[in-house]
Amino acid sequence: MSFECSDHLNYKVLHLTGEVDLSNSSKVRRCLLDILDNGQSVIVDFSDLTYIDSSGMATLVEGLNAANKKKLTLAIANANGAPLQVLELTRLNQVFNLIASVEDIKE
Amino acid sequence: MSDNQTQSKTAQEPSKDQVLIQVNQLDSAYGERKILKGIELSVKQGEILVIMGGSGSGKSTLLKNMLGLMQPTRGEIIIDKMNINTVDKQQMLKLRRTMGVAFQGGALLSSMSVGDNIKLPLRQHTDLDESTISIMTRLKLELMNLAGFEDLMPSELSGGMLKRAGLARAVIMDPKILFFDEPSAGLDPVTSVELDQLILELRKAMNMTIIVVTHELESAFTIADRIAVLYDGEIVKTGTVEEIKACDDERVANLINRKPREVQIDGEKYLSRLTEGAE
């Protein structure tokens, strides 16, 4: 798993690649919470994410909760395949703001 | 900003035909009493295999062997390329972390709340933050329709709830392989159907390989990719639901048609058992 951050409008884009699981979700968590602590909204880009387990989902839930408390936005872009199925299984597709692509975010 | 220290773990899409569990020529016994005889079985990655059979057919013994809880008297079991009968303790521990087991009665620790029971594997085997563990636990409780039951003690749950809480604990670490002993036993029909759907969803979303031991026909026909029928310690047929339904082997047909088995009695041996030790 690897991840990198870039900027899009006034959002940070957290681009995840590979698999997020028990062995690495803590790193994603730290990065996500750091971005939100710095007062920036974030788009988590799933386009190159092949798998995410429940520790990864819990990390995103924690991030969303932190974002809501700070009146920031956390959106998920490009959710497809297995990661989308996990979102659906956990019914978190009804909780997160899912957007088709990073460019679809509304300012 | 980028994370250069992250692992270069590549997602490996398992081949559909990749065998994850292989049982070769397995014999198992309790003392002198031979329970399993020459079991041959393979389970593919992402497959749901249902092991069916009547009471005393050897289902639970096969499950115990696959979990490494019993040593076979002959043969071997290979899971994820590891022979579980010869691997060392460390390797077995590593393998067990990729396996989840839901026991028939839930097997929760009675001294802990439902939530703490479910959190236990994560607290023991990971260094995840407690807030992540807490959300993961609630996600699984939601999935099992047990939202809000986190702080109750196991003794305060019904049989069906205990089973679902046991399943929540079994899948808390998103195991690669899930073993499920009698999922439908003791459940009302609606809860039973919901649990079947949940098993199918878990496989679909997590690509879990699932081995279910059951004697519930409806449940087996709903969830199974393949069914292995055990009779008197031997696998008499392995096949898809259609193949099992169409099987003309009397032992399989009797199980499918709920026909009681005819017990063949050896008159002399029977008399000897009844009168052994008597004057």
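Residues numbered from 1 in each chain as written. Chains lettered and ligands numbered in written order. Predicted model: local features only at pLDDT ≥ 70, side-chain atom pairs only at ≥ 80, totals over all residues. Heavy atoms only, no water.

Before going further, it helps to examine the sheet that holds strand β6 (residues 99-102) of chain B. Residues and elements named next belong to chain B. Reading across the sheet, the six strands line up as β6-β7-β8-β3-β9-β10 and stay open at both edges, with mixed pairing between neighbours. A single partner strand is all that each edge strand has here, and the edge strands are β6 and β10 (234-239). Taken pair by pair, the neighbouring strands of this sheet meet at an average axis angle of 15°, ignoring direction. As paired strands, strand β7 (residues 177-181) and strand β8 (residues 209-214) are joined by five bridges and run parallel to one another. By the bridge assignment for β8, F179 is matched with I211. Together, β6 and β7 form the strand contacts of helix α5 (residues 159-170), whose direction differs from that of β6 by roughly 170°. (Pairing = 2+ DSSP bridges. Helix = DSSP H or I, 4+ residues; strand = E, 2+ residues; numbered from the N terminus. Axes fitted to C-alpha atoms, helices over the stretch in contact; angles between N-to-C directions. Contact = heavy atoms within 4.5 Å.)

Turning our eyes to something else, we now look at the interface of chain B and chain A. At the interface, 30 residues of chain B touch 31 residues of chain A. Across the chain B to chain A interface the summed buried area is about 2,600 Å²; carbon plus sulfur atoms make up 56%. Remark: the boundary between chain B and chain A carries one salt bridge. A salt bridge links D129 of chain B to R29 of chain A; the nearest nitrogen and oxygen atoms lie 3.2 Å apart. The interface formed by chain B and chain A contains eight residue pairs in polar contact (both at pLDDT 80 or more). For the side of chain B that touches chain A, the secondary structure elements donating two or more residues are α4 (130-143) and α6 (189-206) of chain B. With eight residues, α4 of chain B is the largest single contributor of residues to the side of chain B that touches chain A. Of the residues contributing to the side of chain B that touches chain A, the split by class is 13 nonpolar, nine polar and eight charged. (Buried area = accessible area lost by both parts, 1.4 Å probe. Salt bridge = Lys/Arg side-chain N within 4 Å of Asp/Glu carboxyl O. Polar contact = N/O pair within 3.5 Å; in protein donor to acceptor, adjacent residues only side chain to side chain. Nonpolar A, V, L, I, M, F, W, Y, C, P; charged D, E, K, R; others polar.)

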